[in-house]
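# Structural features, examined
Residue-level listing of the chains:
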Amino acid sequence: MNAPETITLRGARPYGAEPVDIVIRDGLIAGIAPMGAIDPVGEIVEAAGRWVGPGLWDSHVHFTQHVIRRRRIDLTQTRSAGEVLDAVRTALDEGAPLTDGMLMGYGFRDGLWSEPASLAALEETVSDVPVVLVSGDLHCGWMNRAAAARLGAELDDTGLLREGPWIRLLHSFDEAAALPPDAYRDAADAAASRGVVGIVEFENTDNVAEWPARVAEGVTSLRVEGAVWPDRLEQAIAAGLRTGDRLDEHGLITFGRLKVVVDGSLNTRTAWCWDPYPGLDPASAHACGMESVPVPELRRLLERAHSAGIGAAVHAIGDRANSAVLDSFEATGMPGVIEHAQLVRDEDFSRFAELGLVASVQPEHAMDDRDIADHHWAGRTGRAFAFGSLHRSGAGLRLGSDAPVAPLDPWISMSAATDRSRGDRVAWHPEQRLPVDIALAASARGALAVGQQADLVVVDRDPYACDRDELRTMPVAATMLGGRFTWREI
Ligand SMILES: [Zn+2]
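Criteria and cut-off values
- Residues numbered from 1 in each chain as written.
- Predicted model: local features only at pLDDT ≥ 70, side-chain atom pairs only at ≥ 80, totals over all residues.
- Heavy atoms only, no water.
- Helix = DSSP H or I, 4+ residues; strand = E, 2+ residues; numbered from the N terminus.
- Buried < 20%, exposed > 50% of the residue type's maximum accessible area, 1.4 Å probe, protein only.
- Polar contact = N/O pair within 3.5 Å; in protein donor to acceptor, adjacent residues only side chain to side chain.
- Contact = heavy atoms within 4.5 Å.
- Salt bridge = Lys/Arg side-chain N within 4 Å of Asp/Glu carboxyl O.
- Phe/Tyr/Trp six-rings, centres within 6.5 Å; stacked < 30°, edge-to-face > 60°.
- Lys NZ or Arg CZ within 6 Å of the ring centre and 35° of its normal.
- Donors = N, O, S within 2.8 Å, 3.2 Å for Na, K, Ca; no water.
- Pairing = 2+ DSSP bridges.
- Axes fitted to C-alpha atoms, helices over the stretch in contact; angles between N-to-C directions.
- Parallel < 35°, antiparallel > 145°, perpendicular 65-115°, else oblique.
- Nonpolar A, V, L, I, M, F, W, Y, C, P; charged D, E, K, R; others polar.

Structurally, E225 is set in strand 13 (residues 223-228). The exposure class of E225 is buried, given its relative accessible area of 11%. Among the polar contacts listed, one links the side chain of E225 to the side chain of R445, at a separation of 3.0 Å. Ignoring anything within four residues of it in the chain, the contact list for E225 reads W57, I199, V200, E201, T254, G256, R257 and R445.

So this is what it looks like as structure tokens:
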């Protein structure tokens, strides 16, 4: 990793302000002065009136799943077998990356195709390279003979495998282990190209060992705060790890928080709510969703982590799950983060601030899930994805993507948070919009100030003057992490 150099970033406008020159030395912001007021030192980089702000963080990422997804051909927009085959052909022509010698695709939905999938059609498109296409719901796979031979599968005329035999096959092929070393670097560099300097990693794996190993292999364009799941909590405590501890020599990787998941999701009607889901018998076992970790166990985990100096980030989507997690934090007296906080009771909003809790929210989910929320949470969506209510009640906010569920791009998250619309649709509960300055602050950690880490993003447009789509597609001219450029077009 190159040592940071002395740089003068000349003529950059802090959001909404007059141009300044920024001196960066030893990885820190060493000086900020009105443009031309100080003698430039080191390399002069002309910002030419572009806008500058603190580097961006994505506060909720599953990075390995993200790396896997971005290497698969995107089939989510296809509507027929023909469109899938066209996408495969295009990917081959463009030299799409192979994983363990196989071309992977994801996201087709064959339920409504007028012409069914056929092995012959897939073989006609590609027979020499093994191809495995995963359906959008993960319950079915379409593959050619080369892939079937490789994976030991038996195919019929459709080339499709469903349920049991397919799921076993998918589980037996460890795509994460088959990723080439540069896959992580490419994905980290791509995030840096959107202004990202750091992520909170929620992958359920040995983040303490794996991320420092990746840094040693050259994945150096992101800071990573790696969570620990309950099954590795005792191991972390035995190793003496505390939240905020540095895990690598460059100070890029830090030990994060204990992640506990207390309920399910909106789409699967497993988010734990106070009211039953419409259409489910209110007397049935899971009419209000599911509690995946019982409250006493959550309390025990929080107390155990807190006593060892480890913070907590608890996944709670339904309003009952949020109430239970708020109660648990209150009982243990520890600060922490609630991940998602998608549905919150009116009387619970103020408790976030009272208890010193941060709500870590994923605004693009509101765009993806507004119709399903209008259905499953009918009559309650005024307090769903309620970023405005959380902010007005004084809760600390962090924005994230939950990549690969939504794109790892903070500008998309900020656009969704501040406008609550996408495409040609009207805004969904516009009273729950966040002000732009709050969305920017919730997407960064440091500040543009002398003595701070030189984690910066330089952009072509003023975020305060952008409309929804301009914010969503913000051109990023440069990203700097600790005084090094991790992305640069200036
Ligand atoms: Zn997640």
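Moving on to the pattern of salt bridges. Evaluation of the coordinates by the stated rule reveals 30 salt bridges. We note a salt bridge from R79 to E83, for which the minimum N-O separation is 3.0 Å. You can call R79 exposed: its relative accessible area is 63%. One salt bridge in this structure joins E364 and R472, with 2.9 Å as the shortest N-O distance. Of this pair, E364 sits in helix 12 (residues 363-376) while R472 sits in helix 16 (residues 468-472), and the two are 108 residues apart along the sequence. Neither residue differs from the other here; E364 and R472 are each classed as buried.

Another aspect to go through is the packing of aromatic side chains. Overall, the coordinates contain seven aromatic pairs when judged by the stated rule. Taken together, F63, Y184 and W211 form an aromatic cluster joined through their ring pairs. The side chain of R69 reaches across the aromatic face of Y106, ending 4.0 Å from its centre. When the ring centre of W274 is taken as origin, the NZ or CZ atom of R320, which lies over that ring, is 4.6 Å away.

A few words now on the coordination of the zinc ion. Protein coordination of the zinc ion is provided by H60 (NE2), H62 (NE2) and D402 (OD), with donor distances spanning 2.0 to 2.3 Å. The sequence pattern describing where the donors of the zinc ion fall on their chain is H-x1-H-x339-D. Of the two residues, H60 is situated in strand 6 (residues 56-61) and D402 in the loop between strand 18 (396-399) and helix 14 (410-419); the sequence distance between them amounts to 342 residues. For H60, a relative accessible area of 1% translates into the label buried. Assessed through its relative accessible area of 10%, D402 is described here as buried.

Quick look at the sheet that holds strand 12 (residues 196-201) now. The eight strands lie next to each other as 6-12-13-14-15-16-17-18, forming an open sheet whose pairing is parallel. Every other strand in the sheet has two partners, leaving strand 6 and strand 18 as the edge strands with one partner each. Each strand axis lies, on average, 25 degrees off the axis of its neighbour in the sheet, ignoring direction. Where strand 16 (residues 336-340) lies against strand 17 (residues 357-361), four bridges are found, and the strand directions are parallel. Counterpart to G336 in the pairing with strand 17 is L357. Set on the sheet, helix 9 (residues 295-307) makes contact with strand 14 (253-261) and strand 15 (312-316); between it and strand 14 the angle comes to about 160 degrees.

Another aspect to go through is the pairing of strand 10 (residues 140-143). With burial as the criterion, each face of strand 10 is covered, one bearing C140 and W142 and the other bearing G141 and M143. The pairing of strand 9 (residues 131-135) with strand 10 spans three bridges and is antiparallel. Within the sheet, the bridge partner assigned to V134 lies in strand 10 and is G141. Between the antiparallel neighbours strand 9 and strand 10 lie four residues, among them L138 with a positive phi of about 70 degrees. Sheet analysis places strand 10 next to strand 11 (residues 160-162), joined by three bridges and oriented antiparallel. What sits directly across from C140, in strand 11, is R162.

Each pair of packed helices can be summarised by the angle the axes make with each other and by the distance between the axes. Contact pair helix 1 (residues 63-71) / helix 6 (residues 182-192): the axes reach a minimum separation of 10 Å and the direction vectors enclose 95 degrees. As far as their axial angle goes, helix 6 and helix 1 are roughly perpendicular. Contacts between helix 1 and helix 6 involve F63, T64, H66, V67, R70 and R71 from the first element and A183, Y184, D186, A187, A188 and A190 from the second. Considering only residue class, the contact of helix 1 with helix 6 consists of seven nonpolar, two polar and three charged.

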